[in-house]
Amino acid sequence: MTTRRDILSATVIALGLGLSPGAGVLADTAWPEKPVRILVSFPPGGASDLVARLLAEKLSASLGQKFVVENKPGAAGTVAATALQGAAPDGHTLMLSNLTPFNVAPTRFPDTPYDPVADFDHITYIGAVHLGLFVAPSLEIDDLETFIEAAKAAPGKFEYGSSGVGSWGHIIAERFVDVTGAELFHIPYKGSGPMRLDFRAGVVPTIFDAVPQNLPSVEEGSAVPLAVTATQRIDTLPNVPTFTEMGYDIVAENWLGVSTPTGVPAQVREKLDAALQEAMMSDDVVAQFDTWGLVREPMTSAEFSEFVAAQFAAWKPLVAAAMD
Amino acid sequence: MELLSNLALGFTTAATLFNLSYCFVGVFLGTFIGVLPGVGPLAAVAMLLPVSFYLPPVTALVMLAGVYYGAEYGGSIASILLNIPGTPSASVTCLDGYPMAREGRAGVALFATAIASFFGGIVGVTVMVLLAPALAAFALLFGPAEYFSVMVLSLVAASVVSTSGALRGLNMVCLGILLGTVGIDINSGVTRFTGGVQELRDGVSLVVVAMGLFGISEVMVSARGATRSYATETFSLHHFLPTVAEWVSSIGPAIRGSAVGSFFGTLPGTGQTVASFVGYAVEKRVSRNRDNFGKGAIEGVVVPESANNAAAQTAFIPTLTLGIPGSTTMALMLGALMIHGITPGPRLIAEHPHLFWGLVVSFLFGNLFLLILNIPLINLWVRLLRVPHYFLYPTVVVLICVGVYSIDNSIFDIWMTLFFGVIGYLLRLFRFEPAPLLIGFVLGPMMEEFFRRAMLLSRGDPMVFLERPGSAALLGAAAILLVAAVVPIKSLLAGAGFRRPAHADEHE
Amino acid sequence: MTSQIGPLLMLGAGLGFAIAAVATLDPGSARRMGPGAFPLLVGAALTLLAAITLVRNLRAPMDWHRPDPLAVLAVLGGAVAFAFFTPLLGVLPAAVLSVLATSSVVREFRWPWKFVLAFSVAAGVWLVFIAGLGIPLTAIRGL
């Protein structure tokens, strides 16, 4: 049944695309008057992509227009953000905004063509995942202090994996080296998947990686979490300390939100935010976000915009330190 | 006994009318989408992902998996009929499939493809049933050094495949590797060889290279070629059946191909492409019919098809049991599970046995559906060849353009396709074949990644590739394959053994 | 003599990549290889292989295929038409023009039939890619 409905609606979209007049903004309540694109800066299939797809389904149902996820991965997410910057500010192009293109890339690539704060309206904060330091059980280390001592005793002996040069794992690991004085040896990977495979196989003894995707390994006993980069302990790893709690100033979160280019009418922004807030309250989304380990916190659009600006400023020196 | 109860569980899960019908829908759509140039399994699975949200997880996975291996199969149809491979692994099928089509034996080639795919699929499923837990652990024995050596072996295999000689094949492999270095270097974040063009920062897309080298250049070669098409005059099924001799001579290749395929499928990220090339290269050495390889030998179709289908099935082992997708397509399948709150990982088989075994059993049905669906369709596909070439080729040009454009809505990609089309055409004129270039392009970036990672981990000591036994064995196999190809056995016997060129050492 | 062009092209490509790698990229050290190391190695390998191919080919030239300039021109024309007109007019008009361009070199193919083919291909593209697969393409710009 569902398939037939889906095919029907796809046909309706195809017709709708052809017929809707370009101009003619009616009353502000008219939005959305044609299918809305949600740009995602990751290839399909990952957790962030799924967040976008799940919300797209909810918004399609509540707002009566199809919300279509469009994956535009590449160049540290700047491909998608650049496309968003260039899109018409009419609320029909959104982006699942996140840490890398908005807080890391503009510092790392000076030729990034947009300003992450001034060129966008950051509408809704969705949630965040935190970074964890995991070691292999074969090291027989289960607390942070022992690990730091062991690493200090043999500078450069312990390799750590990150999901790439300039990834948040890499940046935070270099911060860790700076703050603790424990020298580690960087092995970059192309994404988290291959890194976790090598970690499991015992090729790299240590990884800095987002917490949720490592929870099955923690449960199984093939990864030992030493500390997380949150400001307070997280629900999914209640027995694992934060770095700050252990006396090291290392805080990082990979946030997710919804952003538009600047200039979208206020009524549209409010309607979008309201619809998103409602979607995120629904039971199945809450359950889904919980299984994915998304840590949430209520934020207004204004607070979220300030948050993005503050994050941008906070990451600037970290990125610079890691990349030289 | 446990095996039997697992299979029973699988059958009760998969053999419901509901799941069977979605399995059928999957393989049916997959076949047709796979035939379109430039639109591979990834696009097909991505399109159906939203539909899967509304389905129970088993059904969703069964359908998406069907699309995936259906599209792999569909890719070989375009390879045989038009010399335009839908997937990199299908570029091996072109080598003998297309010459067969030109001899008016497209029907036989398609029939052999259907049977070989079915056979490979069944062997892959059997391997999964018997060895899944053991094979999951197997992937963990492979470190960067071993992966690098697998790449070397595959690239040597790819160059041996070339009909104009292994030397020219090696040239093309190297060129492919170099093209693969264009874009951001993952180890340092530095941009390489882009000439400041923004669109090249993430490298050249595989579809662009494949459609240019094979598609566009093929149309340039054939557009005004024979006025008569290669189609046979009769369209009875009887006419598509291989001869008894061909049946007999295909048995060995099918078994060897499936074995090679099952093995390489379990290694994340290498999968079908490596399986097809290695299978073909091995067969080209051991077959009694080796002189006809590249000229329309049925074994040359049977081997890659059985290998890539076996690999398509066993590729699910690392994906599901380690939670590590070997390709973007596999990442999408994981996505389909995650949306239902199931996290693939080491405990998946234990926690969701009906899902795992249901999927495995659905492969049996899916492969059967593919067979039932495609034998009658051979007739239709072969008729396509009767379409006069001046109808066919303008259509193919548009299909390639739309296919490439639809990936990213990028006009730049079309220009790049055209560029590679011209390069491919020039190289073809001078007897350099595109297949080894394509595999160099696919595997080159991985090869560099593993090479550099292994060197990082050994702190700069290249002996690591010879000290680790697995790596050394694979490199040894590559060396043997290369020497066997470069030194003709006859000339060894005739005492003219010193024609072995210096580059044989290069890959050790 | 013409058949030497192939190995020479390869030689040029190998040298080109190797030189560009040395000139623009950091080779790094064995302990931590830079972005230039691998392209330099492979570029050098290709140069060597191409040189061997060239020498062999000088001794026993491999035959080469005669090009068909008209066919090349037709295919180029078709693809260029598509790439050029898609942003201006949309995918479907571009498809029509592409078919007309490609088929323009075939004499035995009458003009009315070329139009029939062109419009059928456009219809097919709409049916398969836009209606069937739901790929977000601009069918006809401005509509």
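If you're wondering where the values come from, they're calculated on a predicted model, not measured in any experiment. (Residues numbered from 1 in each chain as written. Chains lettered and ligands numbered in written order. Predicted model: local features only at pLDDT ≥ 70, side-chain atom pairs only at ≥ 80, totals over all residues. Heavy atoms only, no water.)

Topic: the overall build of chain C
Secondary structure summary: chain C contains five helices and zero strands in total. Traced from its N-terminal end to its C-terminal end, chain C shows the element sequence α-α-α-α-α. Against the compact-globule benchmark of 15 Å for 143 residues, chain C has a radius of gyration of 23 Å, which places it well outside the compact range. Judged by the C-alpha coordinates and their principal axes, chain C covers about 60 × 45 × 25 Å. (Helix = DSSP H or I, 4+ residues; strand = E, 2+ residues; numbered from the N terminus. Rg over C-alpha atoms; globule rule 2.2 N^0.38 Å.)

Some thoughts on the pairing of strand E1 (residues 36-40) of chain A
Residue and element names in this part refer to chain A. Of all five residues in E1, four are buried; the element is thus mostly enclosed. In the sheet, E1 pairs with strand E2 (residues 67-71) via five bridges, with the strands oriented parallel. The residue of E2 that forms the bridge with Ile-38 is Val-69. (Buried < 20%, exposed > 50% of the residue type's maximum accessible area, 1.4 Å probe, protein only. Pairing = 2+ DSSP bridges.)

So, the domain arrangement of chain A
All names here are of chain A. Each domain of chain A was delimited in the assignment, giving domain 1 (35-128 + 254-323) and domain 2 (130-228). The C-alpha centroid of domain 2 is placed 28 Å from the C-alpha centroid of domain 1. Every contact between the two is made by 14 residues of domain 1 and, on the other side, eleven residues of domain 2. The tally of links between domain 1 and domain 2 comes to zero salt bridges. For the interface between domain 1 and domain 2, the tally reads one residue pair in polar contact (both at pLDDT 80 or more). At the level of elements, helix H4 (99-108) and helix H11 (301-323) are the ones that each hand at least two residues to the side of domain 1 that touches domain 2. Among the elements that make up the side of domain 1 that touches domain 2, the one with the highest residue count is H11 (six residues). Across the side of domain 1 that touches domain 2, the residue classes tally to eleven nonpolar, two polar and one charged. (Domains from an automatic or database assignment. Contact = heavy atoms within 4.5 Å. Salt bridge = Lys/Arg side-chain N within 4 Å of Asp/Glu carboxyl O. Polar contact = N/O pair within 3.5 Å; in protein donor to acceptor, adjacent residues only side chain to side chain. Nonpolar A, V, L, I, M, F, W, Y, C, P; charged D, E, K, R; others polar.)

Some details on the interface of chain A and chain B
Contact with chain A, which involves 44 residues of that partner, is made by 38 residues of chain B. Together, the buried faces of chain A and chain B total about 3,600 Å²; carbon and sulfur atoms form 61% of this surface. At the surface where chain A touches chain B, the tally comes to one salt bridge. Between A:Glu159 and B:Arg459 there is a salt bridge; the shortest N-O distance is 2.9 Å. Put simply, chain A and chain B have four residue pairs in polar contact (both at pLDDT 80 or more) between them. For the side of chain A that touches chain B, the secondary-structure elements that each account for two or more residues are helix H1 (2-19), helix H2 (47-63), helix H3 (78-86), strand E6 (185-188), helix H7 (192-200) and helix H8 (215-220) of chain A. When residues in the side of chain A that touches chain B are grouped by element, the largest group, six residues, is from H7(A). Each residue belonging to the side of chain A that touches chain B can be placed in one class, and the counts come to 20 nonpolar, nine polar and 15 charged. (Buried area = accessible area lost by both parts, 1.4 Å probe.)

Observations regarding the interface of chain C and chain B
Taken together, the contacts link 70 residues of chain C with 66 residues of chain B. In this structure, the salt-bridge partner of C:Asp63 is B:Arg431, at a minimum N-O distance of 2.5 Å. Joining chain C to chain B, the criterion identifies nine residue pairs in polar contact (both at pLDDT 80 or more). Here the side of chain C that touches chain B takes 14 residues from helix H2 (residues 37-59) of chain C, the largest share from any one element. Residues of the side of chain C that touches chain B, tallied by class, amount to 50 nonpolar, 13 polar and seven charged.

Observations concerning empty space enclosed by the protein
Counted according to the given criterion, the structure contains five cavities of 30 Å³ or more. Of the volumes computed, that of the second largest cavity is approximately 80 Å³. B:Ala223, B:Tyr393, B:Pro394, C:Thr102 and C:Val106 are the residues nearest the centre of the second largest cavity, which is lined by twelve residues in total. When residues in the lining of the second largest cavity are grouped by element, the largest group, four residues, is from helix H18 (residues 389-408) of chain B. (1 Å grid on protein atoms, 1.4 Å probe; cavity = no way out; pocket = protein on both sides within 12 Å on 5 of 7 lines; lining within 4 Å. Points joined across faces, edges and corners; volume = space filled by probe spheres on them.)

Concerning a nonpolar patch on the surface
Judged by side-chain polarity, B:Trp415, C:Val80, C:Phe84, C:Leu88, C:Leu89 and C:Leu97 come together as a nonpolar surface patch covering roughly 500 Å² of accessible area. Broken down by element, the nonpolar patch gets its largest block of residues, four residues, from helix H3 (residues 69-89) of chain C. Position of C:Val80 relative to the elements: it lies in helix H3. On the basis of relative accessible area, C:Val80 is assigned to the partly exposed category, the value being 32%. (Patch = residues over 30% accessible without salt bridge, like charges linked within 9 Å, V, L, I, M, F, W, Y side chains within 5 Å. Areas by Shrake-Rupley, 256 points an atom, 1.4 Å probe, with all protein chains shown as cover.)

Regarding unusual backbone geometry
With an omega of -5°, the peptide bond running from A:Trp31 to A:Pro32 counts as cis. Even without being glycine, A:Glu140 reaches a positive phi, approximately 55°. In this fold, A:Glu140 is placed in the loop between strand E4 (120-135) and helix H5 (144-153). The phi dihedral of B:Arg431 falls on the positive side, at around 65°, and the residue is not glycine. Tracing the backbone shows B:Arg431 in the loop between helix H19 (411-429) and helix H20 (434-457). Assessed through its relative accessible area of 23%, B:Arg431 is described here as partly exposed.

A closer look at helix H9 (residues 206-222) of chain B
Residue and element names in this part refer to chain B. Compared with an ideal rise of 1.5 Å per residue, which puts 17 residues at 24 Å, H9 spans 23 Å between its outermost C-alpha atoms and is within 8% of the ideal. In H9, a bend of some 35° at Gly-212 exceeds every other bend along the element. Burial of H9 is extensive: 14 of the 17 residues sit out of reach of the surface. (Expected span 1.5 Å × (residues − 1). Bend = angle between axes of the 7 residues up to and from the residue.)

Considerations on the pattern of salt bridges
Here the structure, examined in full by the defined rule, presents 20 salt bridges over all chains. The partner of A:Asp49 in a salt bridge is A:Arg53, with the nearest N and O atoms 2.8 Å apart. Linking A:Asp49 with A:Arg53, this pair stays in helix H2, spanning four residues, or about one helical turn. For the pair A:Asp49 and A:Arg53, one class covers both residues: buried. Two residues, B:Glu283 and B:Arg256, come together in a salt bridge whose shortest N-O distance is 2.8 Å. Separated by 27 residues along the polypeptide, B:Glu283 in helix H12 (residues 271-286) and B:Arg256 in helix H11 (residues 244-265) bring together distant segments of the chain. One network of salt bridges, in which partners are shared, links B:Asp185, B:Arg192, B:Glu448 and B:Arg452.

Things to note about the packing of helix H4 (residues 57-82) of chain B against helix H17 (residues 353-384) of chain B
Residues and elements named next belong to chain B. Two elements in contact, H4 and H17, have axes whose closest approach is 9 Å; the angle formed by their N-to-C orientations is 30°. The angle between H4 and H17 places the two elements in the roughly parallel class. Taken as a pair, H4 and H17 cross one another with a handedness that is right-handed. Along the contact surface, H4 presents Pro-57, Val-58, Leu-61, Val-62, Ala-65, Tyr-69, Gly-70, Tyr-73, Ile-77 and Leu-81, while H17 presents His-354, Leu-355, Leu-359, Ser-362, Phe-363, Gly-366, Asn-367, Leu-370, Asn-374, Trp-381 and Leu-384. Looking at the contact of H4 with H17 residue by residue, the class counts come to 15 nonpolar, six polar and no charged. (Axes fitted to C-alpha atoms, helices over the stretch in contact; angles between N-to-C directions. Parallel < 35°, antiparallel > 145°, perpendicular 65-115°, else oblique. Left-handed = near helix turned anticlockwise from the far one by under 90°.)

Comments concerning the environment of B:Ala132
Among the secondary structure elements, B:Ala132 is positioned in helix H6 (residues 106-139). When sequence neighbours within four positions are dropped, the list of residues in contact with B:Ala132 reads B:Val127, B:Ile317 and B:Phe356.

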